[in-house]
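Structural overview for review
The residues making up each chain are set out below.
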Amino acid sequence: MAFAACASCGAKVNVGKNPELGQRFTCPSCDDVMEVVWLDPIELDWPIDDDEDYDDYDDEDFEDDEDLEDDEDFEDDEEEG
Ligand SMILES: [Zn+2]
């Protein structure tokens, strides 16, 4: 298990056993995403290309139209004699 210094805060980031160039890790200290730019020694740097997809969830407005009508039918039982 190898560690590399975060380029942002200098904290040790666990890069696993066999880190690869371009592999990205998230610094546990500052939550910055670091990219492996060198393997010997292992160096981390900020990712160059920012092609991350940002997922924006739009809150949809739900309209609640509830018409509750209780129609009860009363049956009259007439005694037939
Ligand atoms: Zn950091």
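Analysis parameters
Residues numbered from 1 in each chain as written. Predicted model: local features only at pLDDT ≥ 70, side-chain atom pairs only at ≥ 80, totals over all residues. Heavy atoms only, no water. Helix = DSSP H or I, 4+ residues; strand = E, 2+ residues; numbered from the N terminus. Donors = N, O, S within 2.8 Å, 3.2 Å for Na, K, Ca; no water. Tetrahedral: all angles 85-135°; square planar, octahedral: opposite > 155°, others 65-115°.

**Focus: unusual backbone geometry**
Following Asp 40, the chain continues to Pro 41 via a peptide bond in cis, the omega torsion being 0 degrees. A positive phi is found at Asp 31, a non-glycine position, where the angle reads about 65 degrees. For Asp 31, the location among the structural elements is in the loop between strand E3 (24-26) and strand E4 (33-39).

**What about the coordination of the zinc ion?**
Of the protein atoms, only Cys 6 (SG), Cys 9 (SG), Cys 27 (SG) and Cys 30 (SG) coordinate the zinc ion, at distances of 2.2 to 2.3 Å. Relative to the metal, the four donor atoms surrounding the zinc ion lie at angles of 105 to 114 degrees, and the coordination shape comes out tetrahedral. Motif for the zinc ion, donor spacing along one chain: C-x2-C-x17-C-x2-C.

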